[in-house]
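# Summary of structural features
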Amino acid sequence: MTNIIPESMRNSRGLKLVISQGWNWRESTGEQIQVENCPFCGKGDFKFYMACCDPKESSRDSLYFCHHGSCSKTGNYRTLSEHLGIRIAGVESRSEWAG
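Residues numbered from 1 in each chain as written. Predicted model: local features only at pLDDT ≥ 70, side-chain atom pairs only at ≥ 80, totals over all residues. Heavy atoms only, no water.

### Some thoughts on the pairing of strand β2 (residues 32–35)
Relative to β2, strand β1 (residues 25–27) runs antiparallel, the two sharing three bridges. Bridge assignment links R26 to a residue of β2, and that residue is Q34. Counting the residues in the hairpin turn of β1 and β2 gives four residues, including G30, whose phi is positive at 60°. In the sheet, β2 pairs with strand β3 (residues 48–51) via four bridges, with the strands oriented antiparallel. Each bridged residue has a counterpart across the sheet, and for V35 the counterpart in β3 is F48. (Pairing = 2+ DSSP bridges. Helix = DSSP H or I, 4+ residues; strand = E, 2+ residues; numbered from the N terminus.)

Encoded structure:
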C-alpha cells in the first residue's frame, strides 16, 4: 500500500520504521497511524496504533499500543526495534559488543 506521508509526520522515526518494514498503514487521528497487523500478536484489522510526529516537536513520536484485547502491547521506538531484531537489547553502543 502506498500512502501519502502527511507533512507533520515526515520526520517521524516511527513512520520511517513502519515504511522500512513494508507494513500496510493508514493515517488516523491526532498524529497517529494505524498499522494493519500488530508486529507482536500478528492480528489484523488496523488495531496497532503508533504516534507519528516530528520528534523535535513532541516526545510522543513512535509510542505504540495494540488495541487487540489479548495483546495490548505498548512501548516506544526502542522496544519495537528490539522486538524486530534491529536493535540489540541492553546494548547502547557498538563498543559494548564489538570487543
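So, next bit.
### Observations regarding the environment of G44
In this structure, G44 sits in the loop between β2 and β3. We classify G44 as buried; its relative accessible area is 18%. The spatial distance from the C-alpha of G44 to the C-alpha of H68 is 8.9 Å, given a sequence separation of 24 residues. Excluding residues within four positions of it along the chain, G44 makes contact with E36, N37 and H68. (Buried < 20%, exposed > 50% of the residue type's maximum accessible area, 1.4 Å probe, protein only. Contact = heavy atoms within 4.5 Å.)

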